[in-house]
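Each chain, written out:
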Amino acid sequence: MEYRIALLKGDGIGPEIVDSAVRILEKTGARYGHRFIFTPYMIGGAAIDETGEPLPEETVKGCLASDSVLLGAVGGPKWDDMPGDRRPEKALLGIRYALGLYANLRPAKMFPALKGASPLREDIISAGFDIMIVRELTGGIYFGDRGYRQGKFGEEAYDTEAYSVREIERIGRAAFDIAMKRDRRVTSIDKANVLETSRLWRKTMHSLAGEYPEVTYSDMLVDNTAMQLVRNPKQFDVIVTSNMFGDILSDEASQITGSIGMLASASLGDSTLGMYEPIHGSAPDIAGTGKANPIATILSAAMMLRYSFGLSEEADRIENAVDSVLNEGARTADILGSASEKPLSCAEMTERIADKI
Ligand code: IPM
Ligand code: MG
């Protein structure tokens, strides 16, 4: 089979880690007889420098015409003073919206070989954990009405959160469907004791839960969830939540794995076109030094094979290759811990993984 993949390398370490994932995809394709056709497009600061726009029209068109999108990372100090609607980050929101990618899957699982890197106490994580955060990605306060106006105390800024039943239902279904393939537990996170959008969210989730009798459903308030994630992360299987709560909780969940350089993500909509990217950022401080950890991007490529192309055997092969080099003690600098090996560069780690494909 032939698959067209748009590459959005972006800024900082983005180009290095995307190149690593391309190398692994090519190796996997060669082994299983698939052809991946890669086309790069500009995004973020690199696009601003080149065209003045963080998300050129050509990039959106190119992605829409592809079978899937692999993204590195965007942003950096060079563009931090740009106005809000011209920042590199704006490109991320724009591409998510333009491609209709409303479901953001962020797995936070403990890699047994890296247990020592978690900031949580041994007795809390000894049983491990494997959480899938399903974050709504194209609605809520990120996309609501905003601006400046005269308020009680003079000029004020405002952002608004709105959610329709339809938006809640479709993200809810995504979460329940995923739970059916996992441990069949869904926790929906809201702030229904205060927010009207959360009360509609909760009511809609409850009626959906009725359609999935095999799934154990519960609600949790977002403040309590922030606490429960560090108290007992194992209680969670699938978490479903709004755009902003998901943004915050997914950073917390990734940190307790101790391996933010390892975590992948997928953004999906109603078609098989998805966008896959590491959870970490562009790490401008180490760009070009060869210190970047390519694993999150490589695992994002594996998610692409699984969710967009239905190639689960190929995806397993990549994930197993990563597990196996970690078990052998291969480490990049960010996950060194007490491992005795000297840290591998981005390119060396990539080759270690490629050897196992
Ligand atoms: C993320 C990031 C983005 C978000 C930023 C960079 C716009 O934090 O993907 O989690 O808030 O969605
Ligand atoms: Mg975030």
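Residues numbered from 1 in each chain as written. Chains lettered and ligands numbered in written order. Predicted model: local features only at pLDDT ≥ 70, side-chain atom pairs only at ≥ 80, totals over all residues. Heavy atoms only, no water.

A. Structural context of the layout of surface pockets. Roughly 770 Å³ of volume is contained in the largest pocket. Leu105, Met132, Met303, Arg306 and Tyr307 are the residues nearest the centre of the largest pocket, which is lined by 27 residues in total. Secondary structure elements with two or more residues in the lining of the largest pocket: β4 (103-109), β5 (130-136), α6 (165-180), β11 (264-268), α10 (295-307) and α11 (312-327). Residue composition of the lining of the largest pocket, by class: 15 nonpolar, 2 polar and 10 charged. Two domains each donate at least three residues to the lining of the largest pocket, and these are domain 1 (1-107 + 273-357) and domain 2 (119-256). Its volume calculated, the second largest pocket comes out at about 380 Å³. Along the walls of the second largest pocket sit 17 residues, with Leu92, Arg96, Arg106, Asp247 and Ile279 positioned nearest its centre. Broken down by secondary-structure element, the contributors of at least two residues to the lining of the second largest pocket are β3 (68-73), α4 (88-98), α9 (243-256) and β12 (274-278). (1 Å grid on protein atoms, 1.4 Å probe; cavity = no way out; pocket = protein on both sides within 12 Å on 5 of 7 lines; lining within 4 Å. Points joined across faces, edges and corners; volume = space filled by probe spheres on them. Helix = DSSP H or I, 4+ residues; strand = E, 2+ residues; numbered from the N terminus. Nonpolar A, V, L, I, M, F, W, Y, C, P; charged D, E, K, R; others polar. Domains from an automatic or database assignment.)

B. Quick look at the packing of helix α8 (residues 222-231) against α9. Here α8 crosses α9 at 10°, and the two axes come no closer than 10 Å. Classed by the angle they form, the pair α8 and α9 counts as roughly parallel. Two secondary-structure elements touch here, α8 through Val222, Thr225, Ala226, Leu229 and Val230 and α9 through Phe245, Leu249, Glu252 and Ile256. Of the residues belonging to the contact of α8 with α9, the class tally is 7 nonpolar, 1 polar and 1 charged. (Axes fitted to C-alpha atoms, helices over the stretch in contact; angles between N-to-C directions. Parallel < 35°, antiparallel > 145°, perpendicular 65-115°, else oblique. Contact = heavy atoms within 4.5 Å.)

C. Quick look at the site of ligand 1. Around ligand 1, the surrounding shell consists of Glu89, Leu92, Arg96, Arg106, Arg135, Tyr142 and Asp247. One nitrogen or oxygen atom from the side chain of Tyr142 is found 2.6 Å from an oxygen atom belonging to ligand 1. Protein contact buries 73% of the 320 Å² of open area that ligand 1 shows by itself. Here ligand 1 occupies the second largest pocket. By residue number, the principal contributor to the shell around ligand 1 is α4, which donates 3 residues. For the shell around ligand 1, the class distribution of residues is 2 nonpolar, no polar and 5 charged. Both domain 1 (1-107 + 273-357) and domain 2 (119-256) contribute no fewer than three residues apiece to the shell around ligand 1. (Near = heavy atom within 4 Å. Polar contact = N/O pair within 3.5 Å; in protein donor to acceptor, adjacent residues only side chain to side chain. Areas by Shrake-Rupley, 256 points an atom, 1.4 Å probe, with all protein chains shown as cover. Sits in = over half its atoms within 2 Å of the grid points.)

D. How the structure looks around the environment of Gly172. Assignment of secondary structure puts Gly172 in helix α6. A relative accessible area of 0% places Gly172 in the buried class. As a C-alpha pair, Gly172 and His206 span 34 residues in sequence and 9.7 Å in three-dimensional space. Beyond its immediate sequence surroundings of up to four residues, Gly172 is in contact with Met205 and Leu208. (Buried < 20%, exposed > 50% of the residue type's maximum accessible area, 1.4 Å probe, protein only.)

E. Region of interest: the sheet that holds strand β10 (residues 238-241). A sheet is described by the order of its strands in space; here 10 strands give the open sequence β2-β1-β3-β12-β11-β4-β5-β10-β8-β9, paired in mixed fashion. Two strands lie at the open edges of the sheet, namely β2 (35-40) and β9 (216-221), each paired on one side alone. With strand direction ignored, the average angle separating the axes of adjacent strands in the sheet is 25°. Two elements, β3 and β12, share 2 bridges in a ladder whose sense is parallel. Residue pairing for β12: Leu70 is matched across the bridge by Tyr276. Helix α1 (residues 14-32) contacts β1 (2-10), β2, β3 and β12 of the sheet and is inclined by roughly 165° relative to β1. (Pairing = 2+ DSSP bridges.)

F. View of empty space enclosed by the protein. On inspection of all chains with the given rule, the structure shows 1 cavity of 30 Å³ or more. If you trace the largest cavity, you find it lined by Glu161, Tyr163, Ile189, Asp190, Thr197, Ser198, Trp201, Ser242 and Phe245. If you list the elements that add at least two residues to the lining of the largest cavity, you get β8 (185-190) and α7 (196-209). Residues that form the lining of the largest cavity fall into these classes: 4 nonpolar, 3 polar and 2 charged.

G. Region of the structure containing the environment of Tyr148. By the secondary structure assignment, Tyr148 is in strand β6 (residues 146-151). Tyr148 sits 53 residues away from Ile95 along the chain, and the two C-alpha atoms are 25 Å apart. Excluding residues within four positions of it along the chain, Tyr148 makes contact with Glu155, Glu156, Ala157 and Tyr158.

H. Representation of the pattern of salt bridges. Under the counting rule described, the total for this entry stands at 23 salt bridges. With a shortest N-O distance of 3.8 Å, Glu53 and Arg86 are connected by a salt bridge. Residue Glu53 is located in the loop between α2 (44-51) and α3 (57-64), and its partner Arg86 is located in the loop between β3 and α4; the two are separated by 33 residues in the primary sequence. Exposure remark for Glu53: the relative accessible area of 38% places this residue in the partly exposed category. Relative accessible area serves as the criterion here: at 29%, Arg86 is assigned to the partly exposed category. (Salt bridge = Lys/Arg side-chain N within 4 Å of Asp/Glu carboxyl O.)

I. Representation of the packing of aromatic side chains within the structure. The full count for this structure, using the stated rule, is 8 aromatic pairs. With 6.0 Å between their ring centres and 20° between their planes, Phe176 and Tyr217 make a pair best called stacked. Of the two residues, Phe176 sits in helix α6 while Tyr217 sits in strand β9, which places them 41 residues apart along the sequence. The exposure class of Phe176 is buried, given its relative accessible area of 0%. Taken together, the ring pairs in this structure connect Tyr3, Phe36, Phe38 and Phe309 into an aromatic cluster. (Phe/Tyr/Trp six-rings, centres within 6.5 Å; stacked < 30°, edge-to-face > 60°.)

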